[in-house]
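This is what each chain is made of:
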2 protein chains.
Amino acid sequence: MRFALALTAALAATPALAQKEPIALRDMGSFHIGGRLLEVKGQPIKEVVFTPGGVPAKVDPNGKYQIEQMYVQYFLQQKAKGKLPLLMWHGGGLTGVTYETKPDGNPGWLNYFLRKGWDTYISDAMERGRSGWTDKFKGEPIFLPLGDPWERFRVGPIGSWNDEKAKRAIYPGVQFPTDAYEQFMKQGVPRWTTTDNEIIAAYIELVDKICPCVVMVHSQGGGFGFRVAEARPDKVKALIAVEPSTGGNKDKVAALKDMPIVVIYGDNAKDHPRWGKIRQNVVDYAGAIKAAGGKVDVIDLPDIGIKGNTHMVMMDKNSDEVADVMQKWLVTKGLSD
Amino acid sequence: MRFALALTAALAATPALAQKEPIALRDMGSFHIGGRLLEVKGQPIKEVVFTPGGVPAKVDPNGKYQIEQMYVQYFLQQKAKGKLPLLMWHGGGLTGVTYETKPDGNPGWLNYFLRKGWDTYISDAMERGRSGWTDKFKGEPIFLPLGDPWERFRVGPIGSWNDEKAKRAIYPGVQFPTDAYEQFMKQGVPRWTTTDNEIIAAYIELVDKICPCVVMVHSQGGGFGFRVAEARPDKVKALIAVEPSTGGNKDKVAALKDMPIVVIYGDNAKDHPRWGKIRQNVVDYAGAIKAAGGKVDVIDLPDIGIKGNTHMVMMDKNSDEVADVMQKWLVTKGLSD
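It should be emphasised that the depicted structure is a prediction, and the values quoted were computed from it without experimental measurement.

Draft legend 1. Quick peek at the overall build of chain A. When its secondary structure is counted, chain A shows 8 helices and 12 strands. A principal-axis box enclosing the C-alpha atoms of chain A has dimensions of 85 × 60 × 50 Å. Residue burial in chain A is summarised as follows: out of 337 residues, 50% are buried.

Right, dumping it as structure tokens:
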């Protein structure tokens, strides 16, 4: 009887024992970096009621304005295993939320790499999310209709979107959690296409502050990552480019010859009418780095047996499996225990 | 000699022992909540080059768009001491960053309340930061010139701003870290004044998902907090209003009669030409709650010996001292160990 009670108690305790260890942080926080002051002159004073029913305030629009700064949030390990900080840069029309909880509610790559012991910094590219705006906006911002990324991010083939959910075709075995597609679209933010230089300037200021480091980039962030790496090859000690939409500047590849670089593409990219060209452009850029004496590993996930990944690899159901590939690559490069 | 060595070793170990305990989280993550789909029809197809040098993509602007969703980030304790989740809502022209690291680099109220054991949720009001936009925007967004909050947030008296830093007057003993004022201004985001209903709708969806809870609000968030509390008195179990810029709806105060509420104002508010009126409006609203049988504690910090606080109490040098007042109030109400 006492044995039975003890056994019951032991079994009852099992779920608690089986729970994950806590994420233990010595510190966490955020800051804004970069940007500049813009001066405005000769405008009339406005009276603004900020809140309906509130007390009017006089606002003099003349003066200096803070613009082009970038938001960065960081999580620092109680016991780091990564040898350097890991910076995670998102793609176009999105923010650092890309790497947080997945649209299906499961943990994303931020939590994965935190649990692997990396001091991690996630930023919102200048212009987006919690970052500042710029006077370089031209024309209207771009908003993506609900169906656009379904096709452009390779959940389904071109022409597969249909507003009636039952008719939305997908690539066979696609790993994106299609039931959470609308939830993914809630992460979208407006974007402009005229702000690359200001975005890159803020990233360089971040690298100058935090690095040496490892930089992970996604999609539009690929071009930013390569260009920042070209500008700061002494600071970026490794670059992980996930589904980059462009390479960098072929005239500057010599700067990257000592930098370990890995480029990763998901499934249905090589033969895709648009992604096939994008991928080839980046492969050509990688070839130029190699010709200059550098090392770039280009991994097409299906070639190593990981199938069904979309452009949003970090949100796919097998995101941990892909993260394992990156983590092992980092260990191989001596950047993590 | 061995004693001396042991003593040296003990002294060397002291800084490590004196370090803070880690922030231990059973989980952390984020989600977007609320919003709706907006349909756009009859627009021509556009060709967009998203990245200079990139491959053009056809974008059909017709279709449904996700709008009005709200971003929420959460940190959940390994060992919670707060009895309910704590939701922190920011003020106008800002985002949830308000509660993160202070502009002077010291820990803000997010870390304070995490270290006190609260499961904590920080959101960006709809329209701002990582949240969605709306079709209710009217006119241009408001941007604040560098000097505006210096005076309007009571760092210095009206007329005290001067672009030459040496001439910026401050209130005597002001607690805002004036050397970090420009850093604070980097947290600002554009705002519109026509979106209150959509902001409140998303907050109500958050409360319906997460609560019962404690809600902390600041500035413009005050009006949102009171109105959400009126709409969900069964879900909001306590309300902390820090420098609210408005109260709620006096016709609905009966709903709040069982809800513990504390209203906190900093220094130089009562007699301020604008804040004096704002504070009086809120005190009158609090009076209406009390007349309906409710309990509201109105705390003017200078009256309890805490002096020099600006509108941005959570960024002032003595922010922990003010947080202690709130934490003790929560303990008094039985909401935390």
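Draft legend 2. Quick peek at the interface of chain A and chain B. On the side of chain B, 67 residues touch chain A, which itself brings 67 residues to the contact. If you list the elements that add at least two residues to the side of chain A that touches chain B, you get strand 1 (23-33), strand 4 (57-59), strand 5 (63-67), helix 3 (148-152), helix 4 (181-185), helix 6 (220-231) and helix 7 (275-291) of chain A. Broken down by element, the side of chain A that touches chain B gets its largest block of residues, 9 residues, from strand 1 of chain A. By residue class, the composition of the side of chain A that touches chain B is 27 nonpolar, 27 polar and 13 charged. Two strands pair when backbone bridges link them, and strand 1 of chain A and strand 1 (residues 23-33) of chain B are joined in this way by 3 bridges, in the antiparallel orientation. When the bridges of strand 1 of chain B are listed, Ala 24 of chain A appears paired with Ala 24 of chain B.

Draft legend 3. Examining the packing of helix 5 (residues 196-210) of chain B against helix 6 (residues 220-231) of chain B more closely. Residue and element names in this part refer to chain B. Here helix 5 crosses helix 6 at 55°, and the two axes come no closer than 10 Å. Overall, the two elements helix 5 and helix 6 adopt an arrangement that is oblique. Crossing angle aside, the handedness with which helix 5 passes helix 6 is right-handed. Counted together, Ile 199, Ile 200, Tyr 203, Ile 204 and Val 207 of helix 5 and Phe 224, Arg 227, Val 228 and Ala 231 of helix 6 form the full contact between these two elements. Its residues assigned to classes, the contact of helix 5 with helix 6 shows 8 nonpolar, no polar and 1 charged.

Draft legend 4. Just the pairing of strand 7 (residues 86-89) of chain A, in detail. All names here are of chain A. Side chains of strand 7 alternate between two faces, with Leu 86 and Met 88 and Leu 87 and Trp 89 buried alike. Summarising the sheet, strand 7 and strand 8 (residues 120-124) pair through 3 bridges and their orientation is parallel. If you follow Leu 87 over to strand 8, its bridge partner there is Tyr 121. This β-α-β element, strand 7 to helix 2 (residues 109-115) to strand 8, shows right-handed connectivity. With 4 bridges connecting them, strand 7 and strand 9 (residues 213-218) associate as parallel partners. When the bridges of strand 9 are listed, Leu 87 appears paired with Val 215.

Draft legend 5. Layout of unusual backbone geometry. Cis peptide bonds are those with omega within 30 degrees of zero, and the linkage from Cys 211 of chain A to Pro 212 of chain A qualifies with 25°. With respect to the element layout, Pro 212 of chain A can be found in the loop between helix 5 (196-210) and strand 9. With phi around 65°, Arg 154 of chain A is a residue other than glycine that occupies positive phi space. With respect to the helices and strands, Arg 154 of chain A occurs in the loop between helix 3 and helix 4. Under the C-beta neighbour-count criterion, Arg 154 of chain A is labelled buried, with 26 such atoms within 10 Å. Not every positive phi belongs to a glycine, and Glu 127 of chain B is a case in point at roughly 95°. Along the chain, Glu 127 of chain B turns up in the loop between strand 8 (120-124) and helix 3 (148-152). Owing to 25 C-beta atoms within 10 Å, Glu 127 of chain B belongs among the buried residues under this scheme.

Draft legend 6. Molecular detail of the relation of the copies chain A and chain B. The operation relating chain A to chain B is a screw motion whose rotation component is 180°, with 0.0 Å of axial translation and a residual RMSD of 0.0 Å. Taken together, the turn and the small shift mark the pair as related by a two-fold rotation axis.

Draft legend 7. Spatial organisation of the nonpolar core. Formed by 168 residues in total, the largest nonpolar core has its most connected members in Val 214, Val 215, Met 216 and Ile 240 of chain A together with Val 214, Val 215 and Met 216 of chain B. Sequence-distant contacts of Met 216 of chain A, defined by excluding residues within four places in its chain, comprise Leu 86, Leu 87, Met 88, Trp 89, Ile 240 and Val 242 of chain A.

Draft legend 8. Structural context of the environment of Gly 305 of chain A. Tracing the sequence through the fold places Gly 305 of chain A in the loop between strand 12 (296-300) and helix 8 (319-332). Sequence spacing of Gly 305 of chain A and Ser 245 of chain A is 60 residues, and the spatial spacing of their C-alpha atoms is 23 Å.

Draft legend 9. Region of interest: the environment of Lys 83 of chain B. Residues and elements named next belong to chain B. Mapped onto the elements of the fold, Lys 83 is located in the loop between strand 6 (70-77) and strand 7 (86-89). On the basis of neighbour counts, which here come to 19 C-beta atoms within 10 Å, the residue Lys 83 falls in the partly exposed class. Separated by 50 residues in sequence, Lys 83 and Ile 33 place their C-alpha atoms 23 Å apart. Leave out the neighbours within four places in its chain, and Lys 83 touches Leu 335 and Ser 336.

Draft legend 10. Quick peek at helix 6 of chain A. Residues and elements named next belong to chain A. For helix 6, spanning 12 residues, the distance from its first C-alpha to its last is 17 Å, which sits close to the expected 16 Å at 1.5 Å a residue. Burial analysis of helix 6 places 10 of its 12 residues in the buried class, which makes it a mostly covered element. Of the residues making up helix 6, those classed as buried are Gln 220, Gly 221, Gly 222, Gly 223, Phe 224, Gly 225, Phe 226, Arg 227, Val 228 and Ala 229. Each element contacted by the buried residues of helix 6 is listed here: strand 7, helix 5, strand 9 and strand 10 (236-242).

Draft legend 11. A look at the environment of Gly 93 of chain B. Residues and elements named next belong to chain B. Looking at the element boundaries, Gly 93 is found in the loop between strand 7 and helix 2 (109-115). Judged by the 20 C-beta atoms lying within 10 Å of it, Gly 93 falls in the buried class. Residues Gly 93 and Glu 127, 34 residues apart in the sequence, show an inter-C-alpha distance of 10.0 Å. Setting aside residues no more than four positions away along its own chain, Gly 93 makes contact with Ile 142, Leu 144, Gly 188, Val 189 and Arg 191.

Draft legend 12. Fine view of helix 8 (residues 319-332) of chain B. Residue and element names in this part refer to chain B. Over its 14 residues, helix 8 extends 20 Å from the first C-alpha to the last, a length consistent with the 20 Å expected when each residue adds 1.5 Å. Restricting attention to buried positions, one finds in helix 8 the residues Ser 319, Val 322, Met 326 and Leu 330. All buried residues of helix 8 lie within an arc of 85° about the axis, which places them on one face of the element. Projecting away from the buried face of helix 8 at angles above 90 degrees are the exposed residues Lys 328 and Thr 332. Of the residues one or two after helix 8, Gly 334 is the one with positive phi, at around 75°.

Draft legend 13. Expanded view of the pairing of strand 9 (residues 213-218) of chain B. Residue and element names in this part refer to chain B. Across the 6 residues that make up strand 9, a large majority, 6, are buried. Burial along strand 9 is two-sided: the face carrying Cys 213, Val 215 and Val 217 and the face carrying Val 214, Met 216 and His 218 are both buried. Here strand 9 runs beside strand 10 (residues 236-242); their pairing, made up of 6 bridges, is parallel. Bridge pairing in strand 10 places Val 214 opposite Ala 238.

About the criteria used
Within each chain, residues carry numbers counting from 1 in the order of the written sequence. Each chain takes a letter, starting from A, and each ligand takes a number, starting from 1, following the order in which they are written. It should be noted that, the model being predicted, local features are given only for residues of pLDDT at least 70 and side-chain atom pairs only at 80 or more, the latter also being counted only at that level, while totals for whole chains, interfaces and linings use all residues. Numbered from the N terminus, helices here are DSSP runs of H or I no shorter than four residues, and strands are runs of E no shorter than two. Exposure criterion: with C-beta atoms placed from backbone coordinates, a residue whose C-beta has 20 or more other C-beta atoms within 10 Å is buried, one with 12 or fewer is exposed, and one in between is partly exposed. In this description, a residue-residue contact is defined by the distance between C-beta atoms placed from the backbone, which must lie within 7 Å. Under the grouping applied here, Gly and all other residues not named as nonpolar or charged are polar, the nonpolar ones being Ala, Val, Leu, Ile, Met, Phe, Trp, Tyr, Cys and Pro and the charged ones Asp, Glu, Lys and Arg. One requirement defines pairing of two strands: DSSP has to find at least two bridges between them. For every element, the axis is a line fit to its C-alpha atoms; helices are fit only across the contacting stretch, and the angle between N-to-C directions ranges from 0 to 180 degrees. In this scheme, roughly parallel covers angles under 35 degrees and roughly antiparallel covers those over 145, while 65 to 115 is roughly perpendicular and the rest are oblique. Crossing handedness is defined as follows: a turn of the near helix away from the far one that is anticlockwise and smaller than a right angle gives a left-handed crossing, while the clockwise case is right-handed. The path from the first strand over the helix to the second decides the hand: if it runs clockwise while the strands point away from the viewer, the crossover is right-handed. Least-squares superposition aligns the copies on the C-alpha atoms of those residues with pLDDT at or above 70 in both. For our purposes the nonpolar core covers buried Ala, Val, Leu, Ile, Met, Phe, Trp, Tyr and Cys residues that link as a set through C-beta atoms within 7 Å. Expected span of a helix: the number of residues minus one, times 1.5 Å. Note that the arc is computed from the directions linking the helix axis to the C-beta atoms.

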